[in-house]
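# Close look at the chain arrangement
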Amino acid sequence: MALLKNLAVIGSVLLVLVAVVVVLPKRGPVNRKFSDFGKIIHEVDSEYSRIRVRETDDGIRTLIFVDEDGRESRQSALDIHRPHELQLEYTKNIFASFLFQPRQGKVLIVGLGGGGMVRFLHHVSPETEIEAVEIDPVVVDVAGKFFGTGENDRLTIHVEDAFRFFGDASHGPYDVIYMDAFLKPTVNADAPQLAQRLKTADFLREIRARLEPDGILALNLIESDE
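As a starting point, this report considers the structure included with it. Since the model is a prediction, treat every value here as computed from it, not as a measurement.

## Side note on the side chain of His-171
Tracing the backbone shows His-171 in the loop between helix 6 (162-166) and strand 10 (174-179). Not counting the four nearest positions on each side in its chain, His-171 is found in contact with Glu-131, His-158, Phe-165 and Arg-210.

Printed below as a string of structure tokens:
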């Protein structure tokens, strides 16, 4: 009981929860045909990224971004037999948010990927209303066709630049905002500037304005270089 009381006290004063991932996203080999992630079942270029979907023999389907050197960074993973189970370690960590905000009536996820966080929330918190912001319409299309993530009565997907999305005062307020959109884009040479804008103090102020008074922000921070 003492632990629960302490958590309640912490939760009452905490504005921001930061889930720090100190390990780089797992990279696959340069070899295009063979990978620990399985065989390629789909590949497409968008304005922002080269997107690849692989699947292993035991049914783990993975959404991958491919960099200019052909190296693979895993973005989302789905067990087609247990789609609600989180496969990536950082997604398990980021839902420590429930310790600080156990009632998540309305949440926003910035960066859809394959929708693993959406499926988890649908399963463990069916009353939660979810909005997701994804800048890349091709990612949204792949998420729907290969990962079963599409709009429904509990999920609204906004295909929009998050920077502009937060500038619209009509959005929110949210109990939790999950930020998962920091990866450097891999195709458009100008696109990295889009991600950099999400790291500014001004942008954090915009996020704060979209939170409930006791709302929290959960961040996936990728340690990639100095």
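## As for the nonpolar core
Most often, soluble globular proteins have nonpolar side chains that are buried together. Core analysis: the largest hydrophobic core is formed by 21 residues, its most contacted members being Phe-95, Ile-109, Leu-112, Leu-121, Ile-130 and Tyr-178. Elements supplying a minimum of two residues to this core: strand 7 (106-110), helix 4 (116-124), strand 8 (129-134), helix 5 (137-147), strand 9 (155-159), strand 10 and strand 11 (211-222). Of the residues forming this core, the biggest block, 4 residues, is contributed by helix 4. Listed in part, the 14 residues of the second largest apolar core include Leu-108, Phe-165, Phe-166 and Leu-219.

## So, the environment of Phe-95
The topology assignment puts Phe-95 in the loop between helix 2 (89-94) and helix 3 (97-100). Overall, the relative accessible area of 8% leaves Phe-95 in the buried class. C-alpha of Phe-95 to C-alpha of Ala-218: the two residues are 123 residues apart in sequence and 8.2 Å apart in space. Excluding its chain neighbours within four sequence positions, the residues that come into contact with Phe-95 are Leu-86, Met-117, Phe-120, Leu-121 and Tyr-178.

## Notes on the pattern of salt bridges
One pass over the full model with this rule turns up 14 salt bridges. Two residues, Glu-72 and Arg-54, come together in a salt bridge whose shortest N-O distance is 2.9 Å. Of this pair, Glu-72 sits in strand 6 (residues 72-79) while Arg-54 is found in strand 4 (residues 50-55), placing the two residues 18 residues apart along the sequence. The residue Asp-69 makes a salt bridge to Arg-71 at a minimum N-O spacing of 3.2 Å.

Rules behind the numbers
- Residues numbered from 1 in each chain as written.
- Predicted model: local features only at pLDDT ≥ 70, side-chain atom pairs only at ≥ 80, totals over all residues.
- Heavy atoms only, no water.
- Helix = DSSP H or I, 4+ residues; strand = E, 2+ residues; numbered from the N terminus.
- Contact = heavy atoms within 4.5 Å.
- Core = buried A, V, L, I, M, F, W, Y, C linked by side-chain atoms within 4.5 Å.
- Buried < 20%, exposed > 50% of the residue type's maximum accessible area, 1.4 Å probe, protein only.
- Salt bridge = Lys/Arg side-chain N within 4 Å of Asp/Glu carboxyl O.

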